[in-house]
Amino acid sequence: MYHAICNVDQLSNGECASLEAQDSAFFVVRYNDQWFAYKNACPHLGLSLDFVPNQFLVPDKSMIQCSSHGALFEIETGECLAGPCTGQSLQKVPFEIQQGQVCILVQNA
Ligand code: FES
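Below: a short report on this structure.

Rules behind the numbers
- Residues numbered from 1 in each chain as written.
- Predicted model: local features only at pLDDT ≥ 70, side-chain atom pairs only at ≥ 80, totals over all residues.
- Helix = DSSP H or I, 4+ residues; strand = E, 2+ residues; numbered from the N terminus.
- Contact = placed C-beta atoms within 7 Å.
- Pairing = 2+ DSSP bridges.
- Axes fitted to C-alpha atoms, helices over the stretch in contact; angles between N-to-C directions.
- Core = buried A, V, L, I, M, F, W, Y, C linked by C-beta atoms within 7 Å.
- Buried ≥ 20, exposed ≤ 12 C-beta atoms within 10 Å, placed from the backbone.

### Let's talk about the overall build of the protein chain
Thought 1: Along its length, the protein chain carries 0 helices and 9 strands.
Thought 2: Written out in order from the N terminus, the α and β elements of the protein chain read β-β-β-β-β-β-β-β-β.
Thought 3: C-alpha atoms of the protein chain, sized along the principal axes, occupy 40 × 35 × 25 Å.
Thought 4: Long-range pairs, those at least 24 residues apart, make up 41% of the contacts in the protein chain between residues at least 6 apart in sequence.

### Here we look at the sheet that holds strand β4 (residues 34–39)
Thought 1: Across the sheet, which stays open at both edges, the 3 strands sit in the order β2-β3-β4 with antiparallel pairing between neighbours. Edge positions in the sheet fall to β2 (15–21) and β4, since each has one partner strand and no second. Ignoring strand direction, the axes of neighbouring strands in this sheet form an average angle of 20°.
Thought 2: Note that strand β3 (residues 24–31) and β4 share 6 bridges and pair antiparallel. Paired with Val 29 across the bridge in β4 is Phe 36.

### Quick look at the sheet that holds strand β1 (residues 2–7)
The pairing of strands in a sheet happens through backbone hydrogen bonds and is either parallel or antiparallel.
Thought 1: In space, the 3 strands of this open sheet follow the order β1-β9-β8, with antiparallel pairing throughout. Whereas interior strands pair on both sides, the edge strands pair on one side only; in this sheet they are β1 and β8 (95–98). The mean angle between the axes of side-by-side strands here comes to 30°, regardless of whether they run parallel or antiparallel.
Thought 2: Bridge count between β8 and strand β9 (residues 101–105): 4 bridges; the pairing is antiparallel.

### Things to note about the nonpolar core
Thought 1: Of all hydrophobic cores here, the largest spans 28 residues; its most connected members are Ile 5, Phe 27, Val 28, Val 29 and Ile 104.
Thought 2: Of all elements in the fold, only β1, β2, β3, β4 and β9 reach the threshold of two or more residues within this core.
Thought 3: With 5 residues, β3 is the largest single contributor of residues to this core.
Thought 4: Apart from residues lying up to four places away in sequence, Val 29 is in contact with Cys 16, Phe 36, Phe 56, Ile 64 and Ile 75.

### Some remarks on the pairing of β3
Thought 1: For β3, the tally of buried residues reaches 6 of 8 residues, placing the bulk of the element in the interior.
Thought 2: Relative to β3, β2 is paired through 7 bridges, and the arrangement is antiparallel. Counterpart to Ser 18 in the pairing with β3 is Phe 27.
Thought 3: Where β2 folds back onto β3 in an antiparallel hairpin, the turn is made up of 2 residues, including Gln 22, whose phi is positive at roughly 55°.
Thought 4: Linking β3 back to β4 in an antiparallel pair, the connection comprises 2 residues, with Asn 32 at a positive phi of about 50°.

Laid out in structure tokens, this is it:
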């Protein structure tokens, strides 16, 4: 089932939105006018990546970062390039733009 996570015009490049649904947490990143959606769970310990809500990126907005341990993930692929889970990846989530909203596909638990 698709869940709206934010309006398309709600986020500028380098901004994120998050959502909890079906006992899981998710986030989307707008980056270079593209959208990327992942589960909000580090492949290392499964912790949420944002300590401050919706703050998923490093200050220059070029990478996703685990706020607990500093692991760095490529925005486009979710691959961890540095940190305790190097070589592992965030779990991508399917999404669609529906009526001006970014909607992620949440599988039933
Ligand atoms: S939980 Fe994996 S780097 Fe923080």
